[in-house]
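Here is how the chains run, residue by residue.
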Amino acid sequence: MAFSKEDVINALRTVNDPDLKRDLVTLNMIEDVQVEGNKVSFKVVLTTPACPLKDKIKKDCIAAIQQLVDPWAEVNVEMTSRVTTRRADKQPLLQGVKNIIAVASGKGGVGKSTVAANLAVALGRTGASVGLIDADIYGPSVPLMFNEMNTKPAAVEKNGKAYVVPVRKYGIDILSIGFFVDPAKALVWRGPMASNALTQLFSEADWGELDYLVIDMPPGTGDIHLTIVQQLPVTGVCIVTTPQEVALADARKAIGMFTQESINVPILGLIENMAWFTPAELPENKYFIFGKEGGKRLAEEHNIPLLGQIPLVQGICESGDKGSPIALDFSSPVSEAFIKLAENTAQQIAIRNATLAPTKIVEITK
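Residues numbered from 1 in each chain as written. Predicted model: local features only at pLDDT ≥ 70, side-chain atom pairs only at ≥ 80, totals over all residues. Heavy atoms only, no water.

**Focus on the packing of helix 1 (residues 5–12) against helix 2 (residues 54–68)**
Then step 1. Relative to each other, helix 1 and helix 2 sit at 120 degrees, their axes nearing to 9 Å. As the angle between them shows, helix 1 and helix 2 are arranged oblique. For the crossing formed where helix 1 meets helix 2, the hand is right-handed. For the pair formed by helix 1 and helix 2, the contact residues are Val8, Ala11 and Leu12 on the first element and Cys61, Ala64, Ile65 and Leu68 on the second.
Then step 2. Of the residues assigned to the contact of helix 1 with helix 2, the class counts are 7 nonpolar, no polar and no charged. (Axes fitted to C-alpha atoms, helices over the stretch in contact; angles between N-to-C directions. Helix = DSSP H or I, 4+ residues; strand = E, 2+ residues; numbered from the N terminus. Parallel < 35°, antiparallel > 145°, perpendicular 65-115°, else oblique. Left-handed = near helix turned anticlockwise from the far one by under 90°. Contact = heavy atoms within 4.5 Å. Nonpolar A, V, L, I, M, F, W, Y, C, P; charged D, E, K, R; others polar.)

What follows is the structure in structure tokens.
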């Protein structure tokens, strides 16, 4: 049975992206359709290499061709990706960065920096180009978690101006104020000094082209948060909490800050860290020492996605102290939890980019 390229395209019009609820042809996700006899080949261009539904989409494409065109067709589907963005070309800072992800919490001690570091590494493992900024000015921990405490970033000159080159480690680009200060001394800076130092990590660094830039925010809702939303069009925010009520109360404040009318940055979802304790010798056991599913209830309360539940295990702490985030450990079940977190985060960014207007830089007037 002979069939044409048009037959193949029409069949693929029946295949919807599960998240965007529109067909792949309308979404311009089908490219390079080739027909030779009963052999069909084409590319499916996903919105992220971290797409958690890529296998389903591929199977749906093959089924559509064999059901609607030719049951004996030999179908070769190449799954590729092109990360989406809603950033405007004219924006001056971080021009080559497609998506800016702020990882925030209402309070300290919930493992936000550990989550941010492992999220960045996990996104990189999926094939995306990723950067990580340590914006926790008063307590920078990224140099320790990446075993780069004594590293001093290099500089490069472009158009007569010197730019800092981010440190590349484990496939991602990282910058932290910790690279430029004495780690043994406390930073005694007023708010404007801290904000100016942070701005330099955006404006005076050569970040190049990135699919995702993860920003590890400081705890709370203060000057640094306002500096970032006033200078950068943040794609969305991931809120980190632990299950107990004292953490959930502050997570609510963080959600409230970013969603208030004067700021209005989309919440990508909530991450419940330390969701349960699992001892190494009893990997199937779960002990809910901080309460059970508090983060899940908070996500439902605010009608936002629960991006992931990360267990409390000794290996996360040990790997961070060694400077090797646990998301790098392919054999660890916790690593799989961070990969799932990365997939869910990328999924929510793709949905956000397809359904919401670009984030505007916040103008806060007195």
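Alright, that's what it looks like, and here's the rest.
**Some remarks on the packing of helix 7 (residues 245–259) against helix 8 (residues 294–302)**
Then step 1. Their axes nearest at 11 Å, the elements helix 7 and helix 8 cross at an angle of 35 degrees. For the crossing formed where helix 7 meets helix 8, the hand is right-handed. Contacts between helix 7 and helix 8 pair Leu248, Ala251, Arg252 and Ile255 from the former with Gly294, Gly295, Leu298, Glu301 and His302 from the latter.
Then step 2. Each residue belonging to the contact of helix 7 with helix 8 can be placed in one class, and the counts come to 4 nonpolar, 3 polar and 2 charged.

**Quick look at the nonpolar core**
Then step 1. Ranked by size, the top nonpolar core spans 87 residues in total, and within it Ile228, Ile239 and Phe258 carry the most contacts.
Then step 2. Ignoring sequence-local partners within four residues, the contact set of Ile239 consists of Ala104, Ala251, Ala254, Ile255, Phe258, Ile267, Gly269, Leu270 and Ile271.
Then step 3. Within the second largest apolar cluster, 25 residues are counted, among which are Val8, Leu27, Val33 and Cys51. (Core = buried A, V, L, I, M, F, W, Y, C linked by side-chain atoms within 4.5 Å. Buried < 20%, exposed > 50% of the residue type's maximum accessible area, 1.4 Å probe, protein only.)

**Some details on the sheet that holds strand 12 (residues 267–277)**
Then step 1. The sheet built from 8 strands is open, its strands ordered 8-9-5-10-4-11-12-13 with mixed pairing. Since the sheet does not close on itself, it has two edges, and those belong to strand 8 (167–169) and strand 13 (306–312), each with one partner. Averaged over all adjacent pairs, the angle separating strand axes in this sheet is 25 degrees, with direction ignored.
Then step 2. Helix 8 contacts strand 11 (236–241), strand 12 and strand 13 of the sheet and is inclined by roughly 160 degrees relative to strand 12. (Pairing = 2+ DSSP bridges.)

So far we have only geometry, and geometry alone does not tell us how the molecule works.
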